[in-house]
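Chain by chain, the residues run as shown.
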Amino acid sequence: MEGKMAMVRTLPPLAGRGGPIGPMSPRMGPKFDGLTGPSYKLDNKTYPLPNPKALKPYADTIAGAIDTWPAHASGHNVPRTTLVLTKNKNLVLYDEDLMGKPQIIPKPRFLEQLEGYLKTELKALGVTQVLPNDLRLQAHREVFEYLIEDFKTYKPLLSSIKNEYEMMLAFQRQQIRELDPLKQMLVTVSEQCDQKIMAIREEEKQEIRDLKMENRRLMDVIQLMNNKQKDLMTQVAKLQEDLATEYHRYRDECDARKQLVSDINDLRYQQDDYMMSKQSASDEAQDDPMTLKIALKKAREDEKAATERLNNMVANYGDVIPRRDFELIEAKYNQLQELYTTAQDDFLKLQKEHDALLDVNKTVTKQRDEYYMECETLKRSSTPRPDWDKCADHVQGGMARWQELSKGKRSNELVDVLIAEIAAGGAGDLGGAEYFDGQGTGPTVPKYLQVEGPVRNRRLGKRDCSMLIRDIWREKVAHDAERTDGKREAMSEFMDLYLERRFPMPQMKIEWGYNLQDACERYAHDELIGLFWGVLTYNIDEEIYHDQMNKVEQLLNHLTNADMEKGNQEKVSKDELRQGLRATFPGMEDETLMVAMKAADVELDSKEEDIEYKELFKEDDEGRTGPFLEEVMKFIKQERLTYVEDIKQQLAGINNVTVDDLKRALSLADPEIDNTLMDKYLAWAFDTTAEKFNEVEPLEQSKLVERLRNGCLHRAGKKM
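A brief look at the structure comes next. In this text the structure is predicted, and so the values were computed from the model without any measurement.

### Focus on the pattern of salt bridges
- Evaluated as defined, the whole model comprises 40 salt bridges.
- The shortest N-O distance in the salt bridge between E542 and K476 comes to 2.8 Å. Of this pair, E542 sits in the loop between helix 14 (527-536) and helix 15 (543-565) while K476 sits in helix 11 (residues 462-482), and the two are 66 residues apart along the sequence.
- Taking the relative accessible area as the measure of exposure, E542 reaches 10% and is therefore buried.
- We note a salt bridge from D547 to K551, for which the minimum N-O separation is 3.9 Å. With a gap of four residues between them, D547 and K551 both fall in helix 15, about one helical turn apart.
- One salt-bridge network, in which partners are shared between bridges, spans K476, D480, R488, E542 and E543.

Structure, rendered in structure tokens:
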């Protein structure tokens, strides 16, 4: 390379229009002193360059012009290499420059110097072929720099163009350097994939070999069985031939026997005829015709008398039964008559008692209604009695411990007990310690509880807990309605979204998540809070809540439609309310319906026939409803539990229940259930999907029944 670089020469100075440039011309530079200039590296090799001052083509500052060149000459500035067909009919490359052929139109001197310098540099660097190469680029870069330096007027523009190209080249090289690791990674991944494919192919080869061996073995078995079948067919054909032969022999024997029997009968008949003819000949000699005539006449008379007597007996005693049968039937009749008399007396006695009990029941019912109304009147007018059960929410241990403390005590004693609990720290320990311990960030921990370290205890009260749960249900219903797949998102996953939207600060989100969980555990005995807590912990089906809300909404829509038919007076009659309950809850019994109607009367405190039905569906700020909706919710829950008890009775005697056992129990308890609903109940009971029923292990009956009680189960048909 050093030898090649030594061949680089400086560009000769240019001459002006009038002759050579004088000694004051800036083109008169220093002589070439060798490769003493800067250097550059390519592929970890250093390449020196000449001194820039020795190669710099100074501009002609005296004339301020460059050599002219005809415009039509640019068309002739093409590669001077042509193909020539020789006498031997071979194609030969012909280079005019190498052959020394003069040009028709001379080029400017400076252009010739630049081209000559470029060719010399390319030859010195060994890159004469027109291919992408950094050395060729470096040589062209130097020539372009000389050109820029010579043209002072266009130097800024040309320098800007050169800089843009240099910037783009540097950017492309940087991109290539950044993509090299990706290329290597791609090669590595490709090799890994190829290895995996080869491994899979090897495994498949072994499997194919095994399958081929199994196929050959099965083919041998099939061939053996075919041979056996052919042997059996041969034996069957032989047996059929033997059977046909035996059958022919049997027919011959049978025909011979019949012929023999016929011959025997003919001989017997001949013998009988001979004996009869012989006897008749002897009788004719002994019997008198007159005697035989008299005997025949007498026999006819006796036969006529016997026939008349038989006809009389049939006419007179045809319907008469034997005396023995008559006595047995008479004894049975007397016994049944005595039983009937006794039962008649008991019935009359029970009827009298029933009438008396009906009178007593009417009296008691009337008294109960009077006492109930009086009690409600006293509740509204008198000083209300304290609801001591509310203290259970503020006593450590919950309802169970409060019932134990308050059992058999009067109001004054209960106040003393409550003061003692407060003094002992019972109320102070309501919320536990000042901080909760974080449950970590493991996969089993819900997202809204994933944190390390202590979490502040806000001691969330029952009212705040109820209000927060009410808002969560409202947001959850709206969130599920926006989903396009028709499925409900799990409450645990939605809690993370809700808390993150409600409390943007991560610390506040974690605090409210832990405090809500603590409050739900403490107030789990409450119906609404317990239902939410069960849904959040995957112990209760979320559809129970939505089913209750849908039933209540159906009842409200029915009453609203009845109200709109009357002119939208926002009132309905009690009969319409009763009809709405019947239509929404077909299985509601009369007693339950009467209790719900009385609860509506008490809640509205109205004795008028028309009632303001919308007041029955209002809730307080904690989500609590009135007595009417409480009775409706009780009926919905009781109806579900009754259905589960019917299923439990069908599972009697089965300790470990399988999927088939539960299917049979559901079919017996509810014959009208369809397959879709049955699969839904089975999937909830065994906590699986319909595709995995065959993989489910048997479940203990008590756990299964508890699972069914916490599921949204409803009878498809009528109760048998």
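Structure shown, so let's carry the discussion forward.
### Some points on the packing of aromatic side chains
- According to the stated counting rule, one finds nine aromatic pairs in the structure shown.
- On the basis of an interplanar angle of 15 degrees and a centroid distance of 3.8 Å, the ring pair of W473 and Y545 is categorised as stacked. Of the two residues, W473 sits in helix 11 while Y545 sits in helix 15, which places them 72 residues apart along the sequence. Both residues of the pair, W473 and Y545, belong to the buried class.
- Taken together, W473, F532 and Y545 form an aromatic cluster joined through their ring pairs.

### Brief notes about unusual backbone geometry
- Located in the positive-phi region is Y538, a residue other than glycine, with phi close to 65 degrees.
- Within the secondary structure, Y538 is located in the loop between helix 14 and helix 15.
- Its relative accessible area of 47% is what places Y538 among the partly exposed residues.
- Of note, D687 is a non-glycine position whose phi angle comes to about 55 degrees, a positive value.
- Within the element layout of this structure, D687 appears in the loop between helix 20 (675-685) and strand 10 (699-700).

### Considerations on the packing of helix 11 against helix 13 (residues 506-522)
- Taken N-terminus to C-terminus, the directions of helix 11 and helix 13 make an angle of 110 degrees; their axes are 10 Å apart at the nearest point. With respect to their mutual orientation, helix 11 and helix 13 come out roughly perpendicular. When you trace helix 11 past helix 13, the crossing you get is left-handed. For the pair helix 11 and helix 13, the contacting residues are C465, L468, I469 and I472 in the first and W512, L516, A519 and C520 in the second.
- Classifying every residue of the contact of helix 11 with helix 13 by side-chain character gives eight nonpolar, no polar and no charged.

### Considerations on helix 14
- Most of helix 14 sits out of view: eight of its 10 residues are buried.
- Among the residues making up helix 14, those that are buried are I529, G530, L531, F532, W533, G534, V535 and L536.
- Taken together, the buried residues of helix 14 touch helix 11, helix 12 (491-502), helix 13 and helix 15.
- A side-chain oxygen of the first residue of helix 14 lies 3.1 Å from the backbone nitrogen of L528; this N-cap is D526.
- Once helix 14 finishes, Y538 follows within two positions and takes phi at roughly 65 degrees, a positive value.

Cut-off values and rules
- Residues numbered from 1 in each chain as written.
- Predicted model: local features only at pLDDT ≥ 70, side-chain atom pairs only at ≥ 80, totals over all residues.
- Heavy atoms only, no water.
- Salt bridge = Lys/Arg side-chain N within 4 Å of Asp/Glu carboxyl O.
- Helix = DSSP H or I, 4+ residues; strand = E, 2+ residues; numbered from the N terminus.
- Buried < 20%, exposed > 50% of the residue type's maximum accessible area, 1.4 Å probe, protein only.
- Phe/Tyr/Trp six-rings, centres within 6.5 Å; stacked < 30°, edge-to-face > 60°.
- Axes fitted to C-alpha atoms, helices over the stretch in contact; angles between N-to-C directions.
- Parallel < 35°, antiparallel > 145°, perpendicular 65-115°, else oblique.
- Left-handed = near helix turned anticlockwise from the far one by under 90°.
- Contact = heavy atoms within 4.5 Å.
- Nonpolar A, V, L, I, M, F, W, Y, C, P; charged D, E, K, R; others polar.
- Polar contact = N/O pair within 3.5 Å; in protein donor to acceptor, adjacent residues only side chain to side chain.

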